[in-house]
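# Inside the fold
Here is what each chain is made of, one letter per residue.
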Amino acid sequence: MYYLEETRPQRPLMPQDVLKRAKVREICEVIASGVQPLQNLIVLIHVGEEKKKEWAQHWITRGFRAIEKLLSTSAGKFCVGDEITLADCCLVPQVFNARRFHVDLRPYPIILRIDRELEGHPAFRAAHPSNQPDCPPEAAK
């Protein structure tokens, strides 16, 4: 993501304001280090088929509580203000994953609102897993 940010300055995903940039990084890091790695296939295989849903729900819920708290002070239309940032790019796949593992998302109204806002955006629609050429037919929505 940072590569895209640095090589495509005409479409920035980081705010100009240094404090907003720090907030974007904070949200990204909570997701990238505290939620997403615990959903990786190798981890779920190690946890085992009978426990993987419980495992995923635990870590997603824990991470979403932290993210919702961060968003309560930073969100506008999107994660940090009213412009799409790298934080939004990290959040949307995790909401998809939360739904995959049947996490109750009602306790996270800010996360849900942002996800709804982004689901209609052309770039996010194009990036949706069901719109990828290698998506198995049974996984398409």
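It should be emphasised that the depicted structure is a prediction, and the values quoted were computed from it without experimental measurement.

## Some details on the layout of surface pockets
Its boundaries defined by the atoms lining it, the largest pocket holds a volume of some 1000 Å³. Ranked by residues supplied to the lining of the largest pocket, first place goes to helix α5 (residues 86-100) with 6 residues. For the lining of the largest pocket, the residue count by class is 18 nonpolar, 6 polar and 11 charged.

## Let's talk about the nonpolar core
Taken as a class, soluble globular proteins show a tendency for nonpolar side chains to be buried jointly. Membership of the largest hydrophobic core comes to 34 residues, with the highest contact counts inside it found for Phe64, Leu71 and Leu91. For this core, the elements supplying multiple residues, two or more each, are α2 (18-34), α4 (52-74), α5 and α6 (109-119). The leading source of residues in this core is α5, at 7 residues. Among residues more than four places away in sequence, those in contact with Leu71 are Ile27, Cys79, Leu91, Ile110, Ile111 and Ile114.

## Things to note about the side chain of Gln39
Assignment of secondary structure puts Gln39 in the loop between α2 and α3 (41-47). Given the relative accessible area of 7%, Gln39 is considered buried. Here Val35 takes part through its backbone oxygen, which lies 3.4 Å from a polar atom of the side chain of Gln39.

## Side note on the pattern of salt bridges
All told, the structure shown has 5 salt bridges when counted by the stated rule. A salt bridge links Glu26 to Lys23; its shortest N-O distance comes to 3.0 Å. Of this pair, Glu26 and Lys23 both sit in helix α2, 3 residues apart, roughly one helical turn.

## Some thoughts on α5
When the terminal C-alpha atoms of α5 are compared, their 22 Å separation across 15 residues agrees well with the 21 Å that a helix rising 1.5 Å per residue should span. What α5 keeps buried is the set Leu86, Ala87, Asp88, Cys90, Leu91, Val92, Gln94, Val95, Asn97 and Ala98. Immediately downstream of α5, the backbone of His102 shows phi near 55 degrees, a positive value.

## Quick look at the confidence of the model for the protein chain
Confidence in the prediction of the protein chain, expressed as mean pLDDT, is 92, and 98% of residues score 70 or more. Element-level mean pLDDT values for the protein chain span from 89 in helix α1 (residues 2-7) up to 97 in α6.

## Topic: the packing of aromatic side chains
Any two aromatic rings considered together are summarised by their centre-to-centre distance and by the angle between their planes. Counting across every chain of the model gives 2 aromatic pairs. Both rings, one in Phe64 and one in Tyr108, keep their centres 5.6 Å apart while their planes meet at 85 degrees; by these two values the pair is edge-to-face. Separated by 44 residues along the polypeptide, Phe64 in helix α4 and Tyr108 in the loop between α5 and α6 bring together distant segments of the chain.

Definitions and limits used
- Residues numbered from 1 in each chain as written.
- Predicted model: local features only at pLDDT ≥ 70, side-chain atom pairs only at ≥ 80, totals over all residues.
- Heavy atoms only, no water.
- 1 Å grid on protein atoms, 1.4 Å probe; cavity = no way out; pocket = protein on both sides within 12 Å on 5 of 7 lines; lining within 4 Å.
- Points joined across faces, edges and corners; volume = space filled by probe spheres on them.
- Helix = DSSP H or I, 4+ residues; strand = E, 2+ residues; numbered from the N terminus.
- Nonpolar A, V, L, I, M, F, W, Y, C, P; charged D, E, K, R; others polar.
- Core = buried A, V, L, I, M, F, W, Y, C linked by side-chain atoms within 4.5 Å.
- Buried < 20%, exposed > 50% of the residue type's maximum accessible area, 1.4 Å probe, protein only.
- Contact = heavy atoms within 4.5 Å.
- Polar contact = N/O pair within 3.5 Å; in protein donor to acceptor, adjacent residues only side chain to side chain.
- Salt bridge = Lys/Arg side-chain N within 4 Å of Asp/Glu carboxyl O.
- Expected span 1.5 Å × (residues − 1).
- pLDDT = per-residue confidence, 0-100.
- Phe/Tyr/Trp six-rings, centres within 6.5 Å; stacked < 30°, edge-to-face > 60°.

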